[in-house]
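Now for the letters of each chain:
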Amino acid sequence: MRQNKKTVSPMSNEGRNIYVIEHITKSLLTLLGDKAIEDISISELCDNAGIGRASFYRNFNSKEDILRAHINKIFNGWKSDWEKNNNLPLSSVIGMIFEHFEQHKAFYHLLNERRLIYLLKDVTLDIMEFKSDLPKYEVYAKAFVAYSLYGWIEVWFQRGMQESAEEMKQLFQTQGL
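Residues numbered from 1 in each chain as written. Predicted model: local features only at pLDDT ≥ 70, side-chain atom pairs only at ≥ 80, totals over all residues. Heavy atoms only, no water.

Participant: Explain a negative patch on the surface to me, using residue names and the numbers behind them.
Facilitator: Residues Glu99, Glu102, Glu166 and Glu167 make up a contiguous surface patch of negative charge. Taken together, the elements giving at least two residues each to the negative patch come down to α5 (90-103) and α9 (165-174). Relative to the helices and strands, glutamate 167 is located in helix α9. (Patch = residues over 30% accessible without salt bridge, like charges linked within 9 Å, V, L, I, M, F, W, Y side chains within 5 Å. Areas by Shrake-Rupley, 256 points an atom, 1.4 Å probe, with all protein chains shown as cover. Salt bridge = Lys/Arg side-chain N within 4 Å of Asp/Glu carboxyl O. Lys, Arg positive; Asp, Glu negative; His and termini not counted. Charge placed at Lys NZ, Arg CZ, Asp CG, Glu CD. Helix = DSSP H or I, 4+ residues; strand = E, 2+ residues; numbered from the N terminus.)

What follows is the structure, given as structure tokens:
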């Protein structure tokens with residue numbers, strides 16, 4: 001189709017990218033409700049979102065990248081709250097994390113159902129500010145906590161999120177971490 005004044009979008013590039021990201025994320029989440037991520041083609045995803053393949057590849061390298069971006073987006077609210085109170089005890093931070101998961105239960109349930117919880121590992125490492133250039137005592141202590149937390153998150157999802165965020169906080173405290 002030839003572009004003219006009537007067919008050119010008035011949105012800026014940024015506006016178009018936001019539109020694409022929102023629609024492709026919604027499309028992927030809808031499709032994941034019915035089938036595994038490996039059974040969703042890029043063409044099907046783009047057709048369902050009403051966007052072209054070039055728009056997909058301009059914003060993402062893979063379907064998993066869509067989910068990573070969505071996870072980071074919904075975690076940004078949690079992170080800004082935490083950064084305002086980053087001197088809280090670890091058990092309080094754990095409680096806040098599990099509260100976040102409860103608030104977005106449907107999304108995380110879908111990730112678990114489709115065996116995509118592993119996508120939370122990077123967010124978990126980021127929360128614990130795990131950086132390999134820290135002094136060895138600190139880097140290993142943070143790695144221990146980060147990977148322990150990720151393990152707890154994974155098991156909690158596998159168990160169907162039976163325990164409340166408060167219960168998870170209390171369980172973490174009883175471990176002496």
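Next, the rest of the story.
Participant: Give a description of unusual backbone geometry that names residues and reports values.
Facilitator: Its identity is not glycine, yet arginine 115 carries a phi of approximately 55°, on the positive side. Taking relative accessible area as the criterion, arginine 115 reaches 69% and is therefore assigned exposed. Phi is positive for methionine 161, which is not a glycine, with a value near 55°. Along the chain, methionine 161 falls in the loop between α8 (136-158) and α9. Take methionine 161: its relative accessible area is 9%, and that puts it in the buried class. (Buried < 20%, exposed > 50% of the residue type's maximum accessible area, 1.4 Å probe, protein only.)

Participant: So what's going on with the packing of α5 against α8? Residues and values would help.
Facilitator: It is at 12 Å that the axes of α5 and α8 come closest, and there the two elements cross at 35°. Where α5 crosses over α8, the handedness of that crossing is right-handed. Across the interface between the two elements, Leu90, Ile94, Ile97, Phe98, Phe101 and Glu102 of α5 pack against Val145, Leu149, Trp152, Ile153, Trp156 and Phe157 of α8. Here the contact of α5 with α8 is composed, by residue class, of eleven nonpolar, no polar and one charged. (Axes fitted to C-alpha atoms, helices over the stretch in contact; angles between N-to-C directions. Left-handed = near helix turned anticlockwise from the far one by under 90°. Contact = heavy atoms within 4.5 Å. Nonpolar A, V, L, I, M, F, W, Y, C, P; charged D, E, K, R; others polar.)

Participant: Describe the environment of isoleucine 24, naming the residues involved and giving the relevant values.
Facilitator: Positionally, isoleucine 24 belongs in helix α1 (residues 13-32). Spatially, the C-alpha atom of isoleucine 24 lies 5.2 Å from that of alanine 49, the residues being 25 residues apart in sequence. If sequence neighbours within four positions are ignored, isoleucine 24 has contacts with Leu45, Cys46, Ala49, Ile51, Phe56, Phe60 and Ile66.

Participant: Report on the pattern of salt bridges, specifying residues and quantitative values.
Facilitator: One pass over the full model with this rule turns up three salt bridges. Among the ionic pairs, aspartate 65 bridges to arginine 68, the shortest N-O distance being 3.0 Å. You can see aspartate 65 and its partner arginine 68 sitting in helix α4 (residues 63-84), three residues apart, about one turn around the helix. The class for arginine 68 is partly exposed, based on a relative accessible area of 29%. When the shortest N-O distance is used, the salt bridge between arginine 159 and glutamate 163 registers 2.5 Å.

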